[in-house]
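Reading the structure
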Amino acid sequence: MEIKPIKTETDYQAALKEIERLFAAVPDTPEGDLLEVLTTLVEAYEEQHYRIPLPDPIEAIWPEALVFLADSSEAEAKALFEYLVGQHPDLAGVTNGALRTFQRRVALWRTQYGPDREVHFPQIHRPGEVMQFDWTEANELNVTIAGIPFPHLLAHGVLPYSNCEWAIPCRSESTLSLKAGVQAAFWALGGVTPVLQTDQSSTATHQLKRGEKERGFNVEY
């Protein structure tokens, strides 16, 4: 047989037949040398055309990983990976570099399907920047005038940076008590802040039609 590179399937099959014929050849003989060369050529051809891909360790264990994550979403990814790979002897030796890929996939799963995370918005207070205003129910103080109960609210302003505060009594959450309370607080605190904050006050809107729930923005606010 002429020795030449194996380039086609026909060359490959011919080389296999020749190897089968030379299978019992004695090493270091012309036939033994030919067998060695043909074996090397066949192995090179098979590596290029018949290579069996190694199993993907991530795909092999991911369905089981999902079961664990659904039951315990905070499971540590590295420990889970090592446990699942240990349950698959066929994956021995093919997990190099797979841990980081597994950790990224677990992190992505948690982002998409894991429990909601608490969102925190930092509150940074600066001196003289903001006054916060609200109404506080004061009936629990049991204030009376001439022995008669005085039901009222406190229109209450506070500077969140220093916690300096001021309040005046009022009868309801109204635009009038808002104006009076804010003005009194600014006078008492000795200045006007660039920003005034209130909660979802009913003074910001007004009823558009009597008996209906729809409300519009109150320009006076």
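These numbers come from a predicted model, not from an experiment.

Calculation criteria
- Counting restarts for each chain: residues are numbered from 1 in the order of the written sequence.
- pLDDT decides what is reported in this predicted model: residues at 70 or higher carry local features, side-chain atom pairs at 80 or more are listed and counted, and totals for whole chains, interfaces and linings draw on all residues regardless.
- As a convention, hydrogens and water are excluded, and side-chain values are obtained from all of the structure's heavy atoms.
- The helix count covers DSSP runs of H or I at least four residues long, the strand count covers runs of E at least two residues long, and both are numbered beginning at the N terminus.
- Take the number of residues in a helix, subtract one, and multiply by 1.5 Å to get its expected span.
- The term bend refers to the angle at a residue between two fitted axes, each drawn through seven residues, those ending there and those starting there.
- Whether two residues are in contact is decided by their heavy atoms, any of which lying within 4.5 Å being enough.
- Any pair of nitrogen or oxygen atoms within 3.5 Å is treated as a polar contact; in protein, a donor-acceptor pairing is required on top of that, and neighbouring residues in sequence qualify only through side-chain atoms on both sides.
- Criterion used throughout: strands pair if DSSP finds at least two bridges between them.
- Axis definition: a line fitted to C-alpha atoms, over the contacting stretch in the case of helices. Angles run 0 to 180 degrees between N-to-C directions.

1. Points about helix α3 (residues 57-71)
Compared with the 21 Å implied by 1.5 Å per residue over 15 residues, the 22 Å span of α3 between its first and last C-alpha is a close match. The largest bend in α3 is about 40°, located at P63. Taken together, the buried residues of α3 touch α4 (77-86) and α5 (98-113).

2. Concerning the side chain of T193
In this fold, T193 is placed in the loop between α6 (175-189) and β6 (195-198). Among the polar contacts made by the side chain of T193, one reaches the main-chain amide nitrogen of M131 at a distance of 3.4 Å. Not counting chain neighbours up to four residues away, the residues in contact with T193 comprise G128, E129, V130, M131, L159 and F186.

3. With respect to the sheet that holds strand β5 (residues 164-170)
Strand order across the open sheet formed by 4 strands is β5-β4-β1-β6, with mixed pairing between neighbours. The sheet is open, and its two borders are formed by β5 and β6, each paired with just one other strand. When the angles between neighbouring strand axes are averaged without regard to direction, this sheet yields 25°. Relative to β5, strand β4 (residues 153-159) runs antiparallel, the two sharing 7 bridges. Residue pairing in the sheet places A155 in a bridge with I168 of β5. Strand contacts of α6: β1 (130-137), β4, β5 and β6, with the helix running at about 125° to β1, the strand carrying the most contacts.

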